[in-house]
Every structure is written in structure tokens, then in C-alpha cells.
Amino acid sequence: MSITARAKQQSKRPPRAPAWLPLIGHGRQLLRHRLRFLREARAYGPVVRVGLGPMETYLVNDHRLLHRMLVAEAAQFPRGVHFRKARAVVGDGLVTADGAAHRRQRRLVLPVFSRKRMHGYSDVMRHAAVERIASLPYDRPIELKAEFVSLAITIATRALFSSDRGIDAVSIVKRTLPVITRAVSMRAMDPTGLVEHLPLPVNRHFDAIMQEMYGFIDEMIASYRRTEQTGVDLLSLLMLSTDEDTGRSLTDREVRDEVITILLSSAETTALAMSWCCHELGRHPEVFEAVRAEVDRVLTDGEPPTHEQLGELALTRRVVKEALRLYPPTSFLSRTCREDAELGGYHIPAGSTIVYSLYAQHRDPRLFTDPDTFDPDRWLPERSGDATPEAFMPFGEGVHRCIGEQFAWAEAMTSIAFIAAHRDLRPVNSDAVRPTGTVMLEPHGLSVVMPRRQPA
Ligand code: HEM
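Residues numbered from 1 in each chain as written. Predicted model: local features only at pLDDT ≥ 70, side-chain atom pairs only at ≥ 80, totals over all residues. Heavy atoms only, no water.

Draft legend 1. Representation of the site of the ligand within the structure. Taken together, 29 residues sit near the ligand, with His102, Arg106, Arg335, His400 and Cys402 positioned nearest. The contact in question runs from an oxygen atom of the ligand to an N or O atom on the side chain of His102, over 2.7 Å. With respect to the ligand, the side chain of His400 contributes an N or O atom lying 2.8 Å from an oxygen atom. For the shell around the ligand, the secondary-structure elements that each account for two or more residues are α6 (99–109), α12 (252–283), β4 (332–336) and α17 (405–422). Residue composition of the shell around the ligand, grouped by class: 15 nonpolar, 10 polar and four charged. (Near = heavy atom within 4 Å. Polar contact = N/O pair within 3.5 Å; in protein donor to acceptor, adjacent residues only side chain to side chain. Helix = DSSP H or I, 4+ residues; strand = E, 2+ residues; numbered from the N terminus. Nonpolar A, V, L, I, M, F, W, Y, C, P; charged D, E, K, R; others polar.)

Draft legend 2. Spatial organisation of the pairing of strand β1 (residues 47–52). With five of six residues buried, β1 is to be regarded as a mostly interior element. Alignment of β1 against strand β2 (residues 55–60), held across six bridges, turns out to be antiparallel. From the neighbouring strand, Val48 faces β2, where its bridge partner is Leu59. In this antiparallel pair of consecutive strands, β1 and β2, the connection spans two residues, and Gly53 shows a positive phi of 60°. (Buried < 20%, exposed > 50% of the residue type's maximum accessible area, 1.4 Å probe, protein only. Pairing = 2+ DSSP bridges.)

Draft legend 3. Quick peek at the packing of helix α13 (residues 285–298) against helix α15 (residues 314–326). Relative orientation of the contacting elements α13 and α15 amounts to 140°, with a least axis distance of 8 Å. It follows from the interaxial angle that α13 and α15 lie oblique. Residues Val287, Ala290, Val291, Glu294 and Val295 of α13 form the contact with α15, whose own contacting residues are Ala314, Leu315, Thr316 and Val319. Across the contact of α13 with α15, the residue classes break down as seven nonpolar, one polar and one charged. (Axes fitted to C-alpha atoms, helices over the stretch in contact; angles between N-to-C directions. Parallel < 35°, antiparallel > 145°, perpendicular 65-115°, else oblique. Contact = heavy atoms within 4.5 Å.)

Draft legend 4. The arrangement of the environment of Leu235 in detail. Residue placement: Leu235 occurs in helix α11 (residues 234–240). By relative accessible area, which is 0% here, Leu235 ends up buried. Distance in space between the C-alpha atoms of Leu235 and Tyr58 is 39 Å, their sequence separation being 177 residues. In this structure Leu235 touches Leu160, Phe161, Met220, Ile221, Tyr224, Val255 and Val259, once residues within four positions along its chain are discounted.

Here is the structure:
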């Protein structure tokens, strides 16, 4: 039966989450206790109506329905309004493209992130981790998130641009990326779409920064074309990538959009994953000691792990995985319903916005035993009853599933392993740390002292 026919048969409206108010909808709960609200909404069923201000959206709280939306019926549920707004900022990179254009681009970008390519990027990660982590103070509280953003930007930028101008690139990207990231979130959250058109200093600053970023990337692309750089880094791989069926490659404009997309998608997300890992390891010294024992066994003279050694760090991997479950960095996502549809027995009208929270899903007690407990061993094969693997989806699912997943695993594991080999972790008031943020899950209040490792 077609989706539309099914939808017509089922015309029930989903229940509305409680405490809705005219005009503001559930704005108060979403602003004050967003994460709690999103989790508690599951008590009212797999789909509930939620008011984002005056706009009514549909919150999906069921991993099987999400799989249907993101995989089996992805064409019916394209990207949501937040992504369309980001298009003005990041152009038509993978994150904002949809449908046929998205499929075509994804075919060209995926090979650049294949397992085979990870070897090259792994060296970039190892060097950057040594440099950055060795430079952190031993005796003062460190705001880890900021440090890890800086590390992640360095890694992504050096992986993109390995030429002599790679050093300039890191400083340009470090200066410009935070401004662009803030503007993308601000514009995505502005329901009127007006703020970006106002002659405000913040908008003028953003335009200038964007021009600088575009100018720099265009110059790099032109210089690579002149000097015929081939296969040396991510930028040149993007420029060379060719669709075998059509013979088509990315245009220079598309390469530029993908470069900005990669920078925007990789830095914050990976930095958050690493920050939450350190938060939990600091609170669980016994797990940290076990990671350290593993790292001591596998690493060569305390050097960061090579690509091959990452495969031997099974506990470190479980720790990163458990942090990604408890704190999925991209925790709140959206889709649009193209035509009238049915979800969970409810009617969803064409054009509706559907939202879902990976945070709420990863903490659903029906899917994970003791969902609020940090327990990396839940991922051991002998404890398969303690987790629902298909409900674990920090990298999304289906046609838009993260292309940088392997990159992110390698970066997070390399950094955590190197920290365990050389530093202790002393959290500053870790009980006060709490996840906040709208789309991204920020570790509010996270600060850690990282003394030199004491002999056992
Ligand atoms: C822990 C780190 C990361 C997390 C949690 C993460 C999460 C995600 C999620 C949830 C999506 C899907 C969004 C949706 O369905 O609407 C996504 C897509 C994407 N990610 Fe990541 N990501 C991470 C790291 C990276 C890195 C390192 C890169 C690049 C080097 C990257 C590049 C992308 C791109 C380009 C897309 C869009 C893919 C598409 O639409 O075809 N991400 N990511």
C-alpha cells in the first residue's frame, strides 16, 4: 500500500504533549528543560505533537519509525527546515543537499572518507594530538571543549590542506569557523528568517568572514589546479573524485561547498564526543585505569596509536561508544514530510516538520538497561541484552548517515588513548556538569585539571 493511501486510511492525529500554551506552544519547556521534556514525551506515545512557538511539529520517539523515515522511506522525509536555512551559509554541500543532487554528491565524496584513506589521516591525527595535548597545562583547570575544538579544527584543516599553506589554513579556519558555526545555528533557529537580512554588525561581520573563508578556499583550489597536486590530501581527493558511471567530477564551487561542510560538520561534533569521554573517564577512575592498562599494552613507547593499533584498543572504543550513546553530539534533528503520511498509526500532513532526539532515544529504558549509567561493558558481546544496537545512532542513519564516522572514531580514540598514556584526569566539580544546547549537546560547566601521569 502506498504511503499516501495508508495515510488516508489512518487519519488519527497524534496526541499533543501536555502543558501546551497558545502562541508559545511548548516553548517554555523546550527552553528550560528541553532534554527532560524530550525524554518524558515518550510516555505519550511514539509520535506526539509539540509546539515550537506557534508552529506545530511532530516529535518521533520510536527507533523503528525513525528507521522507516531515514532509511526505507527517506525520499518521503527529506531534510528539515533547519538544513534548508543553513544552505544560505554553506551552499549546496552534502549537509544541505537533498534528493538526486545529494545522491550524486555523496557518491563523489564518500570515497574520500573510505577506510583505505584513513591511514593517511591517521598520521595527521597522531601529530596534532601530540602537539596539542602536550601543550596543555598540568596544574590549571582546562576548558576541555574549547581545547578539543581547536584540536579538531587543526586535524580537519591539515587533512584537507597538506600543502605549505596548511599552516595559514589552520589559523584562518580557527578564526573564521567559530563565527560561521554560530551564524549557522542562529539562522537555523530563527523561525522568521528575518534576522539574517537585518543590517546588524553581527551580520556584516559574518559576511566579511564568509568572504575571507571563500577567498581562501578558492585560492587553494586554484593553486592545486595550477600545480596539479594529486591525491595528497582531502582537498585534492575531492577535486579528483570522479563518478565512474557518469564521468562527472565536482565543480570548483561544489568542492568549496564540501570543504566548508566538512569543516563545519567535523570540528564541534568530534570535540564534543572527546569532551564527554573525558568527563565520564574523570568520574570513573576505575574505567580510566583499565583504559590506561590497555593503552600501555598496545602503544609503542607512549606514542599515539597507529591506524593498525586502533583496532587493538577494544575498551577505548567501547568507552567512546558509551559516551556517544549517553551524549550524542548532534542530539536534535529534523525532517520534513513531503506528502501526507502515516507514522505509528497517526496521520502526518504533507509539509509538516518532524523532529527527533537521539539523546532521548539513547536514554530510553526500553532500549538500554540502566540508560543513564555510564557502562562501556554493556557493548561486550556477552551482554547483548543490555543494548539495542540498531537504536544506537549517533551518526544518524540511512541516506544522510555521517560520512566522517570513521574519521571521528579514529580522531577520538587517538586523542583519548594519548591522554590516558600521559595525563591524569581530575574533574573540577563534575557533579555540576550538565548537557545543554539546542542541536548540539554541550557539556556545560566541564572543566578538568590534567596533571602529568603519576607512576602507578
Ligand atoms: C563524533 C563526531 C560526529 C558525529 C556525532 C556526527 C554526527 C552526524 C549525524 C547525526 C549526521 C546525520 C545528520 C542527519 O541525518 O540529518 C551527520 C552527517 C554528516 N557528517 Fe557527521 N558527525 C561526526 C563527525 C563528522 C566528521 C569528522 C565529518 C567529516 C570529516 C562529518 C561530516 C558529515 C557530513 C558531510 C554529513 C552529511 C552527510 C550526508 O548528508 O550525506 N561528520 N553527522
